[in-house]
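# Structural characterization, general
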Amino acid sequence: TKLAFILVIWVLITFMTKEFNANTPVMAKKHILASLGIGAGFFFISPLLLIVSFIIYAPFGFAMTCGIIALAILGMPVAAVVLSKLLIRFFEDKMKPLLSSFVAILIVAAAAIILGYIPVINFIVFLVLDVVGVGFICYNVLFTNKKLKDERNEGDDEILMIDEIIDMEEGTTAIEKSTDT
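Residues numbered from 1 in each chain as written. Predicted model: local features only at pLDDT ≥ 70, side-chain atom pairs only at ≥ 80, totals over all residues. Heavy atoms only, no water.

A few words now on the overall build of the protein chain. Along its length, the protein chain carries eight helices and zero strands. Accessible surface, the protein chain: about 10700 Å² in total, of which carbon and sulfur atoms supply 73%. (Helix = DSSP H or I, 4+ residues; strand = E, 2+ residues; numbered from the N terminus. Areas by Shrake-Rupley, 256 points an atom, 1.4 Å probe, with all protein chains shown as cover.)

Here is the structure:
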């Protein structure tokens, strides 16, 4: 079930969230320590935030609790997806971008799941993945507008998987229109 959940998050990030997908290589290569710090800070501050929110207004505290739980659940798959972007460069010249991304996410997910069977290492691996994943989510939310877009534009002009699919779809409609006339 962990592998299925990771693959669902990969599909959602790849096809539904174009900005996050575009930012993941930049975050994985340049901002992994900043994301780790933001994730650790979030998990350190969240109990204090919950206490204060319950003191202010109980339904708000319940909503904050649900939000923090959801973020913690999404942390590990998001970390696996973002860390798989580091492995893609080993497969880029051998496979298409979508296939290389799929193979990389399978390798990272399999490693996380296999390490999950070792009792003490299970806790350490999933804690680190949760902290990194929550850090990536928070870092993307905080800095997605200016900093990451500028760095993405400065970097090499790599084509995104979703852009390749959109180009393929537009190419087929252009061919269909040209044959109709």
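What follows is about the nonpolar core. Val78 and Leu129 are the most contacted members of the largest nonpolar core, which has 30 residues in total. Where this core is concerned, the elements lending two or more residues are helix 1 (2-15), helix 2 (18-30), helix 3 (32-56), helix 4 (58-91), helix 5 (97-115) and helix 6 (119-143). Of all the elements, helix 6 adds the most residues to this core, at nine residues. If we skip the residues at most four places from it in the chain, Leu129 touches Gly75, Met76, Ala79, Leu83 and Ala112. (Core = buried A, V, L, I, M, F, W, Y, C linked by side-chain atoms within 4.5 Å. Buried < 20%, exposed > 50% of the residue type's maximum accessible area, 1.4 Å probe, protein only. Contact = heavy atoms within 4.5 Å.)

As a further point, take helix 1. Between its first and last C-alpha atoms helix 1 spans 20 Å; for 14 residues at 1.5 Å apiece the expected length is 20 Å, and the two agree. For helix 1, the set of buried residues is Ile6, Ile9, Trp10, Ile13 and Thr14. For helix 1, the angular spread of the buried residues around the axis is 130°, confining them to a single face. (Expected span 1.5 Å × (residues − 1). Arc of directions from axis to C-beta.)

On to the packing of aromatic side chains. This model, assessed by the stated rule, comprises two aromatic pairs. Summarising the aromatic geometry, the rings of Trp10 and Phe102 are spaced 5.5 Å apart at their centres and angled 55° between planes, so their arrangement reads as tilted. A residue pair is termed long-range when its members are at least 10 positions apart, and Trp10 in helix 1 and Phe102 in helix 5 qualify at 92 residues. Judged by its relative accessible area of 7%, Trp10 falls in the buried class. (Phe/Tyr/Trp six-rings, centres within 6.5 Å; stacked < 30°, edge-to-face > 60°.)

Attention now goes to helix 3. The end-to-end C-alpha separation of helix 3 is 35 Å, in line with the 36 Å expected for 25 residues at 1.5 Å each. At Ile45, helix 3 shows its strongest bend, of approximately 35°, with the proline Pro47 following within four residues. Looking at the buried positions of helix 3, the neighbouring elements they touch are helix 4 and helix 6. (Bend = angle between axes of the 7 residues up to and from the residue.)

What follows concerns the packing of helix 4 against helix 6. Where helix 4 meets helix 6, the closest approach of the two axes is 6 Å, and the angle between their N-to-C directions is 85°. Taken together, helix 4 and helix 6 sit at an angle that is classed as roughly perpendicular. The segment helix 4 lies against helix 6, with Leu71, Ala72, Leu74, Gly75, Met76, Val78, Ala79, Val82 and Leu83 engaging Phe126, Leu129, Asp130, Val132, Gly133, Val134, Phe136, Ile137 and Cys138. Among the residues making up the contact of helix 4 with helix 6, the classes are represented as 15 nonpolar, two polar and one charged. (Axes fitted to C-alpha atoms, helices over the stretch in contact; angles between N-to-C directions. Parallel < 35°, antiparallel > 145°, perpendicular 65-115°, else oblique. Nonpolar A, V, L, I, M, F, W, Y, C, P; charged D, E, K, R; others polar.)

Right, let's talk about the packing of helix 1 against helix 4 for a bit. For any two helices packed against each other, the geometry comes down to the angle between their axes and how far apart the axes lie. Running from N to C, helix 1 and helix 4 cross one another at 70°; their axes reach a closest spacing of 9 Å. Accordingly, the angle class assigned to the pair helix 1 and helix 4 is roughly perpendicular. Of the two elements, helix 1 crosses helix 4, and the hand of that crossing is right-handed. The segment helix 1 lies against helix 4, with Phe5, Ile6, Ile9, Trp10 and Ile13 engaging Ile73, Leu74, Met76, Pro77, Val78, Ala80 and Val81. (Left-handed = near helix turned anticlockwise from the far one by under 90°.)

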